[in-house]
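The lines below spell out each chain.
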Amino acid sequence: MNTKLLAYIDVDSPIHRLTGSTKLICFLLWSITAMLSYDTRVLGMMFIISLILFKLSKVEFKQVALVFYFILIFLVINNIAVFIFSPVEGVHIYGTQHDLFKLFGPYVLTQEQLFYQFNMTLKYLTIIPLGLVFLSATDPSEFAASLSKIGISYRLAYSVAIAMRYIPDIQRDFVEISQAQQARGIDMSSKATLWVRLKNTSAILMPLILTSLDRIETISYAMELRAFGKHKKRTFYSERPFLKRDAYTLVGFSVLMAIFLVITFSNGTRFYNPFI
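On a predicted model such as this, the values are computed, not experimentally measured, just so you know.

**Examining the nonpolar core**
- Counting residues in each nonpolar core, the largest one holds 24 residues, and the members touching the most others are Trp30, Met46, Leu132, Phe253 and Met257.
- Of all the secondary-structure elements, those providing two or more residues to this core are helix 1 (20–36), helix 2 (40–56), helix 3 (61–85), helix 5 (111–136) and helix 9 (244–264).
- With residues near it in sequence (within four places) discarded, Met257 still touches Leu29, Trp30, Thr33 and Met46.
- One finds Leu24, Phe143, Tyr154 and Ala161 within the second-largest nonpolar core, a separate group that totals eleven residues.

**Quick look at the pattern of salt bridges**
- Taken as a whole and judged by the stated rule, the model has three salt bridges.
- In this structure, Asp12 engages Arg17 in a salt bridge whose closest nitrogen and oxygen atoms are separated by 3.0 Å.
- Residue classification places Arg17 among the partly exposed positions, given a relative accessible area of 33%.
- The salt bridge involving Asp39 is made with Arg41; its shortest N-O contact spans 2.7 Å.
- We classify Asp39 as buried; its relative accessible area is 1%.

**Structural notes on the packing of aromatic side chains**
- Summed over all chains, the structure comprises 13 aromatic pairs.
- Each ring, one from Trp30 and one from Phe253, has its centre 5.9 Å from the other, and the planes form 55°; the classification is tilted. Here Trp30, found in helix 1, pairs with Phe253, found in helix 9; they are 223 residues apart in sequence, far enough to count as distant.
- Between Tyr38 and Phe271, the ring centres sit 4.8 Å apart and the planes meet at 25°, which makes this aromatic pair stacked. With Tyr38 in the loop between helix 1 and helix 2 and Phe271 in the segment after helix 9, this pair connects stretches of sequence that are 233 residues apart. For the pair Tyr38 and Phe271, one class covers both residues: buried.
- Following the ring pairs from residue to residue traces out a cluster consisting of Tyr38, Tyr94, Phe115, Tyr116, Phe271 and Phe275.

**Examining helix 5**
- An ideal rise of 1.5 Å per residue puts 38 Å on 26 residues; helix 5 measures up with 38 Å between its terminal C-alpha atoms.
- The buried fraction of helix 5 amounts to 19 of the 26 residues, a majority that puts the element mostly inside the structure.

**Structural notes on helix 9**
- Spanning 21 residues, helix 9 covers 30 Å between terminal C-alpha atoms, matching the ideal 30 Å at 1.5 Å per step.
- Within helix 9, burial applies to Asp246, Leu250, Phe253, Met257, Phe260 and Thr264. For helix 9, the arc enclosing every buried residue in end-on projection is 100°, short of the 170-degree limit, so these residues lie on one face. Of the exposed residues in helix 9, the ones pointing more than 90 degrees away from its buried face are Lys244, Tyr248, Val251 and Val262.

Conventions we followed
Each chain carries its own residue numbering, running from 1 in the written order of its sequence. Note on the predicted model: pLDDT of at least 70 is required for a residue's local features to be given, and 80 or more for side-chain atom pairs to be given and counted; whole-chain, interface and lining totals, by contrast, use all residues. Remark: hydrogens and water are excluded; side-chain values derive from all non-hydrogen atoms of the structure. Definition of nonpolar core: a set of buried residues of the types Ala, Val, Leu, Ile, Met, Phe, Trp, Tyr and Cys, connected through side-chain atoms within 4.5 Å. Relative accessible area decides the class of each residue, using a 1.4 Å probe on protein chains only: under 20% of the type maximum gives buried, over 50% gives exposed, and in between gives partly exposed. Where helices and strands are cited, they refer to DSSP runs of H or I of at least four residues and of E of at least two residues respectively, numbered from the N terminus. Here a residue-residue contact requires only that any non-hydrogen atoms of the pair lie within 4.5 Å. By definition here, a salt bridge exists when the distance from a side-chain nitrogen of Lys or Arg to a carboxyl oxygen of Asp or Glu is within 4 Å. Between the rings of Phe, Tyr and Trp (Trp by its six-membered ring), a pair exists once the centres lie within 6.5 Å; its type follows the angle of the planes, with under 30 degrees stacked, over 60 edge-to-face, and the other angles tilted. Expected span, for any helix, means 1.5 Å times one less than how many residues it has. To be clear, the arc concerns the directions from the helix axis to the C-beta atoms.

If you want it as structure tokens, here you go:
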């Protein structure tokens, strides 16, 4: 199992050189734009740009592949659920109905529904690469320092940093407990059936929960001993200065997102309609 799952990957790239607050603001601007837009042209351009930025980050796909595949499974389930509970949502949005074929009962597959769910999926695929880049290219300690520097309470900033560090810690504990349980004869290999592996996984959960609670208690005691939260401000060892490249990046992202929103709402609605 990849021990770097959703952890900070330390490589030298243009994305890594930006401060944590710059990456957070850009990611929020990107996500808000993607959520507001249902314009296929805009989402398509954003998807291409997100792939380019992922390439610039020098994060290898195999390092985040497991998370990406989990998200794809969620997307498939989400699309099925949308069609089951709202099979004519696209018809209501675009105002026309072009039937492809009847499935069963009241369910009829239409071009409008396919186009609507394609755009919905594209919205997720537009955000996923930058989300993975943000998590993989942001040092939690430096990110906490950046948040504190822009005015966010250092208590909240430090909580975010701990949460970002906690994911790989949980994964490492899961691997270690799994190996210990397998050494005791619990079969977790591919030779066992899926049901047996799922049942044996439950033997890992309780030790994992207890280990996590023990770590939380240890961190709490350490923070109390260091008088964490006594003062209104604090310094960060990993703090980085805000440079020109951060300003240029923020301005560039802001302008680009503004252009995308203008294109999206140019026809008076956030939906691009090819059926009229």
